Structures are given as C-alpha cells and as structure tokens.
Amino acid sequence: MICSKSMPELFKTLCEGITKFCPNAIVNLISNPVNSTVPIAAEVFKRAGTFDPKRLLGVTMLDVVRANTFVAEVLGRDPREVDVPVVGGHAGVTILPLLSQVKPTCSFTPKEIDQLTDRIQNGGTEVVEAKAGAGSATLSMAYAAVKFADACLRGLRGDSGIVECAFVASQVTELPFFASKVRLGRTGAEEIFSLGPLNEYERAGLEKAKKELAASIEKGVSFVRK
Ligand SMILES: NC(=O)c1ccc[n+]([C@@H]2O[C@H](COP(=O)([O-])OP(=O)(O)OC[C@H]3O[C@@H](n4cnc5c(N)ncnc54)[C@H](O)[C@@H]3O)[C@@H](O)[C@H]2O)c1
Ligand SMILES: O=C(O)C[C@H](O)C(=O)O
C-alpha cells in the first residue's frame, strides 16, 4: 500500500496499529531515524496505555556488526571472535563504540582509535552516499535485523545470557532513551547494563553523543505531542 502521509506520520500510524493488533509484541524498531522513531513509538504506546519499556527496542545491531568487522580487520581476526560494545544511539556521533572494552582484550594507537571511531560512526552514511539515492544498507541491515530478532527470540524461549546492544528506555544516563548492552529474556529487555569504565576519549564522545541524542529524542516526543 502506498500512502500519502509523511514518513513520521506513516510511522506513527504503524505504531497505532501495533497498539491495536499486537499490544504485547516485543517491537524491534529499525526504521530511521531510530534516535527519534523509538521515542515516537513510546509516546504512541503511552497514549494507548500499552507502553512497556522492556518491549520496545531500537535496533542498533548494525553498528555492532560494523564495529566488530572494522576492529577485526585491524586485529587480523575473524569478526565473529570480536565483541565491541556500541552505545548511545544510531546516527553519527551518537554511535559510540567503546574500544576500551573490546573482547578479546586489546589496545589501539590513538590514530587507530580515531579512524575506527570515525568509520563506525559514519558507516551508514558511507553506504547511503555510495548508493547515491538508491537507498541505504540493505543486506547488512537485513543481517543485523535477523541477528537481533534471533537474539530476542532466544530470550523469549528462555535461553540464558542473551546480551546485545539496543536503544531502549533507560536510566543509564540522564536521557530517557539510550543504547547500551541489555539482557534479553522472556519479557524483552529484562536488564539494562551500565556503560562500565570509560576512558577520557570515550567520556568526551559520550558528552557529544548525549547532546545530539537529547535533541533527536525531543524531536520524536514533540512530534507526537504537538
Ligand atoms: N537501523 C538500521 O540499522 C538501519 C540500517 C539501514 C536502513 N535503515 C532504515 O530502514 C528503512 C528502510 O531502508 P531502505 O534502504 O530499505 O529504504 P528503501 O527506500 O529501499 O525502502 C523503503 C520502502 O518504503 C516504501 N515507502 C516509502 N514511502 C512510503 C509510503 N508513504 N507508504 C508506503 N510505503 C512507502 C518504499 O516504496 C520502499 O519499498 C529506512 O528508514 C532506513 O533509514 C535502518
Ligand atoms: O539509513 C541510513 O541513513 C543509514 C543506516 O541507518 C545504516 O546504518 O546503514
């Protein structure tokens, strides 16, 4: 169905549909801008009385997939052996890879940290620009979506220790939404992990990320409240 509504309006309508037809669903939200669409969805769900913060998850898995890939390249390892926590949000400087917490433990030169951070933060834009009007990352988005949905399903099934990064309602910072590691279980994001120890570079990145995130969250909330 092609609809004449603007994207945020279309998105809001879809969320209203969720409140009517599957109010208890665990919603994995991948449509951009995730930093605003998750707050929009939360507002719509709150209005309908169906909001459960554990069941609304913004998909930031692609940032983790990219971070694992780029870090693995530098380390000369298989990306599947690498785990990079990526926190904050899903756009530009709000994407904050925590390179001091990479597993397996490793270290980078300041130049590598700059280059990796920049590539991870701008990976999506790089693809959008390369496709020149023909859309955004397609296969890697699908891969990330499947990987995240599979983790949610394993949590729903009752598997233990399912931990992934996601953009969720959060108290990890002063912002109402933030991406960090979450434990997925039978009822959704059952535990939200704090950021752990950050180095000076990451603390500076966090301040930049929060500033931009605050504006994007506010934009989403005020779109529904207007
Ligand atoms: N979170 C992530 O990791 C991530 C990664 C890549 C893309 N994305 C986002 O996913 C979304 C889809 O990306 P894409 O590259 O597949 O986009 P696309 O442009 O290839 O596809 C969008 C689809 O929406 C349809 N559409 C557009 N306007 C419509 C309307 N008014 N009514 C009904 N249908 C309409 C189009 O026909 C098209 O099929 C975008 O929001 C994109 O930014 C998110
Ligand atoms: O759709 C975009 O603007 C980029 C996308 O979110 C991505 O990370 O590839």
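This structure is a prediction, so every number in the text was calculated from the model and none was measured. (Residues numbered from 1 in each chain as written. Chains lettered and ligands numbered in written order. Predicted model: local features only at pLDDT ≥ 70, side-chain atom pairs only at ≥ 80, totals over all residues. Heavy atoms only, no water.)

Enquirer: Quick question: what am I supposed to make of the site of ligand 2 here?
Expert: Within the structure, ligand 2 sits among N32, L62, R66, H90, G124, V128, S136 and A137. Within the side chain of H90, a nitrogen or oxygen atom sits 2.7 Å from an oxygen atom of ligand 2. For ligand 2, whose unbound accessible area comes to 270 Å², protein coverage reaches 74%. Of all elements in the fold, only α3 (61–75) and α4 (110–131) reach the threshold of two or more residues within the shell around ligand 2. Looking at the shell around ligand 2 residue by residue, the class counts come to three nonpolar, four polar and one charged. (Near = heavy atom within 4 Å. Polar contact = N/O pair within 3.5 Å; in protein donor to acceptor, adjacent residues only side chain to side chain. Areas by Shrake-Rupley, 256 points an atom, 1.4 Å probe, with all protein chains shown as cover. Helix = DSSP H or I, 4+ residues; strand = E, 2+ residues; numbered from the N terminus. Nonpolar A, V, L, I, M, F, W, Y, C, P; charged D, E, K, R; others polar.)

Enquirer: Can you help me understand the environment of V38 in this one?
Expert: Tracing the chain through its elements places V38 in helix α2 (residues 34–48). Once the C-alpha coordinates of V38 and T125 are considered, the two residues, 87 residues apart in sequence, prove to be 20 Å apart. In contact with V38, other than residues within four places in its own chain, are L29, L56, G58, F167 and F177. (Contact = heavy atoms within 4.5 Å.)

Enquirer: Any chance you could explain the pattern of salt bridges here in plain terms?
Expert: Oppositely charged side chains may form a pair once their charged atoms are brought near each other. Under the criterion given, the structure shown has 14 salt bridges. With a closest N to O distance of 3.0 Å, K181 and D83 form a salt bridge. Remark: D83 occurs in the loop between α3 and β3 (86–88) and K181 occurs in strand β6 (residues 177–185); sequence separation between them is 98 residues. For K181, a relative accessible area of 23% gives the class partly exposed. Of the charged contacts, one joins K210 and E174 as a salt bridge, the two residues approaching to 3.2 Å between their closest N and O atoms. Of the two residues, K210 sits in helix α6 (residues 200–225) while E174 sits in the loop between β5 (163–169) and β6, which places them 36 residues apart along the sequence. Among the charged side chains, a salt-bridge network with shared partners connects E43, K46 and R225. (Salt bridge = Lys/Arg side-chain N within 4 Å of Asp/Glu carboxyl O. Buried < 20%, exposed > 50% of the residue type's maximum accessible area, 1.4 Å probe, protein only.)

Enquirer: Just checking my understanding: could you explain the pairing of strand β7 (residues 188–192) for this structure?
Expert: Looking down a regular strand, the side chains alternate between one sheet face and the other. Bridge analysis of β6 against β7 gives four bridges, and the strand direction is antiparallel. By the bridge assignment, V182 is partnered in β7 with I192. Connecting β6 to the next strand, β7, in antiparallel fashion are two residues. (Pairing = 2+ DSSP bridges.)

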